[in-house]
Amino acid sequence: MEAAHKDLLQQIARLSETYGNLADRLSQAARQLQDSGLPPSDSLLQEIAGYSRNFAEVQKQALQLNKSALAPGEITSLKEIQNLVETATASEGKAEIRDAALKALDRVLAIAHREQSDFAPLQSVHGKARELQRAISESAPAQLHSDAESLVSGKHPVAAVLALVEQQDKLDDEEWVILEETVSAAFGKQIAVAISRGKLTVPQMGKAAPAKIEPAFKAAPEPKMGAQPLPEVIIIPSGNVAPKQVAPKIEILESPAAAAPMHEVIIVPSVEVPKSLPKTGSGNIVFGAPREIQQAPVEGGLGLKVLAHIQGVGDQTFGAEEYAGTKGRGLRVEGFQINIEPPISGLTVEYMAHVEGVGDTPWIGEGELAGFRGQAKRIEGFAVRLSGAQADKYDVFYSAHIQNIGDTDVSSNGDYCGTRGKALRIEGIKVWIAPSASSQVAAAVGLKVLAHIQGIGDRTFSDKEYAGTKAQGRRVEGFQIKIEPPVPGLNLEYMAHVEGVGDTPWIGEGELAGFRGKAKRIEGFAARLTGPQADKYNVSYTAHIQNLGDTPVTSNGQYCGTRSKGLRVEGMTVWVEPKA
């Protein structure tokens, strides 16, 4: 986007050099017209028309690039256009610094002590990082927080802690001394010593399993509960506090050994809540309607028990391929845990989460809670992976429903699913395990194609069905494509060439390529497959084009149609087949 703004400013500069001279010649022509009735020359009129076109184009680009709600009539001068673009360029630079600062703070909040979960100097660093995260997140987009730049440049003491932990082997002696002095001055010598001894670490994302950090105190495993909901387990650091009267059926247990850090373990019986939650959705694929993540049952899929702790609802348990959460209610998922049930010898599941105000958690084992109960912190993203001797025989898939975004694409095998640094809650997740792709035969793939046709509106079609009209002179003005029912690890993307707009970006299935209500023709399009299963299939398509007729079959991202010839697409056919 920065390059687009720069190019637009160059266009504005060229127009600025032109209009002064043009104004002088117009003034002279006006005097001649008034004095002697001599009309302006044809060349001058052509220059005026050219300037008008260029001005309108620059005005249009400025409004589009900045996603402005202003109408063209509200930006009436070249100077106003220039001010709009310069303001947007400055704001974009600030937004990039803001995002980079929030990502750095996420990494700081993920720092853990290898031996002490309550290491006081690190808690001090985390406290300062949370304070900065809150201040930067709540600052206005046009105003950059005073500490954001120093966090990104590495000059802030919090950033210095992160640099020492993450880059200590790459720093030379002079860099190390400067950073160590900065950290010691801000947070004390003790944390600098802990870093130099390798006591602090930042868990790494990815498929390779990092060393698992064992807590100093680990609660005894919970007994098997069959289909019953799991109890809530809240661990609260104890102190010299007088015992409180508690409700019946709540037990306060002593720590198991005097040498271990003292905690109180409060076991609260869970409340039975109906599994069926109100859902909103739509039976069609009209853009903007909430959509369900529905996966076709996978032959050989494993059983899972997924527990989601939902804002205002509490614990709810779900099975493999079940949607665990809510939609249309604005309720955040605050924690989750996953078990393979019934267990499979040699196969275990691990997962992590990105938690509001905390950042990335370490990878934890099945049955442990990722996130928190009772702290009102949203889960913003997560990842799941398999381990054990049988792990290479299976794949784990998962997706999420995210605030203001909707359903994500399917992720798998440790890839991150969600957002970071955007303060967007996950409202539901879906997880399932299936035999690995190498052991499965490619399944048949169905499609649902929606075409928005001139004078008719939306019509839905299936794969290999002609979507449009012939011999009626009606243009296709927009289209959407979905794999239906969905196939694990297989996603579809497409783009279009639209009259007066040009090529659209590649968009995900179910989104509209083109427009409704703007009378703009589709002149060409392309489709492609993505995801772990994409190499097993071909997506093929043809079009019926004004004055040309049916095109040859095109496939796998190649363009089908025309550009800049003013010819409408009157219909299209799309299908997906396994590779031979």
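All of the points below concern the structure found in this document. Values in this document were obtained by computation on a predicted structure and should not be read as measured data.

**Description of the overall build of the chain**
Along the backbone of the chain there are 8 helices and 33 strands. Scored against the burial criterion, the 580 residues of the chain give a buried share of 45%. The long-range share in the chain, meaning contacts at least 24 apart out of those at least 6 apart in sequence, stands at 66%. Counting only carbon and sulfur atoms, one obtains 51% of the accessible surface of the chain, whose full area is about 29500 Å².

**Some details on the sheet that holds strand 23 (residues 476-483)**
Backbone hydrogen bonds are what pair the strands of a sheet, in a parallel or an antiparallel way. Taken together, the 4 strands give an open sheet; going across it, the order is 21-20-23-27, and neighbouring strands pair in antiparallel fashion. Sheet topology places strand 21 (457-462) and strand 27 (513-514) at the edges, where each strand pairs with a single neighbour. Relative to strand 21, strand 20 (residues 447-453) runs antiparallel, the two sharing 6 bridges. By the bridge assignment, H452 is partnered in strand 21 with D458.

**Some words on the environment of S436**
Note on placement: S436 falls in the loop between strand 19 (426-435) and strand 20. Relative accessible area serves as the criterion here: at 8%, S436 is assigned to the buried category. In this structure, the C-alpha to C-alpha distance between S436 and V396, residues 40 residues apart in sequence, is 8.7 Å. Contacts of S436, omitting those with residues within four sequence positions, involve D392, K393, Y394 and D395.

**Concerning the packing of aromatic side chains**
To describe a pair of aromatic rings, you give the distance between the ring centres and the angle between the ring planes. Enumeration according to the criterion identifies 8 aromatic pairs in this entry. Measuring from centroid to centroid gives 5.6 Å for F479 and F525, while their planes differ by 65 degrees, and the two rings are edge-to-face. Of this pair, F479 sits in strand 23 while F525 sits in strand 28 (residues 522-530); the two residues are 46 residues apart in sequence, bridging distant segments of the chain. Residue class for F479 comes out buried when judged on its relative accessible area of 0%. You can call F525 buried: its relative accessible area is 1%. Aromatic ring contacts, followed pair by pair, group F336, Y351, F382 and Y398 into a single cluster.

**Structural notes on the nonpolar core**
Counting 40 residues, the largest nonpolar core has I338, F382 and I429 as its most contacted members. Taken together, the elements giving at least two residues each to this core come down to strand 6 (304-310), strand 9 (333-340), strand 10 (348-355), strand 14 (379-387), strand 15 (394-402) and strand 19. Filtering out sequence-adjacent residues up to four positions away, F382 remains in contact with F336, M352, A353, Y398, S399, A400, D415, Y416, C417, I426 and I429. In terms of nonpolar packing, the next biggest core, distinct from the first, is built from 37 residues, V487, M495, I522 and L567 among them.

**Describing unusual backbone geometry**
In the segment running from E341 into P342, the intervening peptide bond is cis, with an omega of 0 degrees. Across the junction of E484 and P485, the peptide omega takes the value 0 degrees, indicating a cis bond. Within the fold, P485 resides in the loop between strand 23 and strand 24 (491-498). Of note in the backbone geometry, A376 takes a positive phi value of approximately 55 degrees without being a glycine.

**Quick word on the sheet that holds strand 7 (residues 314-319)**
Taken in spatial order, the 4 strands of this open sheet run 7-6-9-13, and their pairing is antiparallel. Two strands in the sheet have a free side with no partner beyond their single neighbour: strand 7 and strand 13 (370-371). The pairing of strand 6 with strand 7 spans 6 bridges and is antiparallel. Within the sheet, the bridge partner assigned to K305 lies in strand 7 and is G319.

**Brief notes about the environment of I402**
Mapped onto the elements, I402 comes out in strand 15. For I402 and T419, which are 17 residues apart along the polypeptide, the C-alpha to C-alpha distance reads 8.5 Å. In contact with I402, not counting residues within four places along its chain, are T408, G418, T419, L424, R425 and I426.

**Brief notes about the side chain of E180**
Along the chain, the position of E180 falls in helix 7 (residues 173-187). Buried E180, no salt bridge; nearest opposite-charge side chain is K189, N-O distance 4.3 Å. What E180 contacts, discounting residues up to four positions off in sequence, is L164, K189 and A192.

**Things to note about the pairing of strand 7**
For strand 7, the tally of buried residues reaches 6 of 6 residues, placing the bulk of the element in the interior. Where strand 6 folds back onto strand 7 in an antiparallel hairpin, the turn is made up of 3 residues, including G312, whose phi is positive at roughly 75 degrees.

**Description of the pattern of salt bridges**
Inspection of every chain in the model, using the stated rule, returns 21 salt bridges. Note that R25 is salt-bridged to E47, the shortest N-O span being 2.8 Å. Placement of R25 in helix 1 (residues 2-36) and of E47 in helix 2 (residues 42-65) is noted, with a sequence separation of 22 residues between them. On the basis of relative accessible area, R25 is assigned to the partly exposed category, the value being 31%.

**Observations concerning a negative patch on the surface**
A contiguous patch of negative charge, built from D172, D173, E174 and E175, is present on the exposed surface. Residue classification places D172 among the partly exposed residues on the basis of a relative accessible area of 40%.

Calculation criteria
- Residues numbered from 1 in each chain as written.
- Predicted model: local features only at pLDDT ≥ 70, side-chain atom pairs only at ≥ 80, totals over all residues.
- Heavy atoms only, no water.
- Helix = DSSP H or I, 4+ residues; strand = E, 2+ residues; numbered from the N terminus.
- Buried < 20%, exposed > 50% of the residue type's maximum accessible area, 1.4 Å probe, protein only.
- Contact = heavy atoms within 4.5 Å.
- Areas by Shrake-Rupley, 256 points an atom, 1.4 Å probe, with all protein chains shown as cover.
- Pairing = 2+ DSSP bridges.
- Phe/Tyr/Trp six-rings, centres within 6.5 Å; stacked < 30°, edge-to-face > 60°.
- Core = buried A, V, L, I, M, F, W, Y, C linked by side-chain atoms within 4.5 Å.
- Lys, Arg positive; Asp, Glu negative; His and termini not counted.
- Salt bridge = Lys/Arg side-chain N within 4 Å of Asp/Glu carboxyl O.
- Patch = residues over 30% accessible without salt bridge, like charges linked within 9 Å, V, L, I, M, F, W, Y side chains within 5 Å.
- Charge placed at Lys NZ, Arg CZ, Asp CG, Glu CD.

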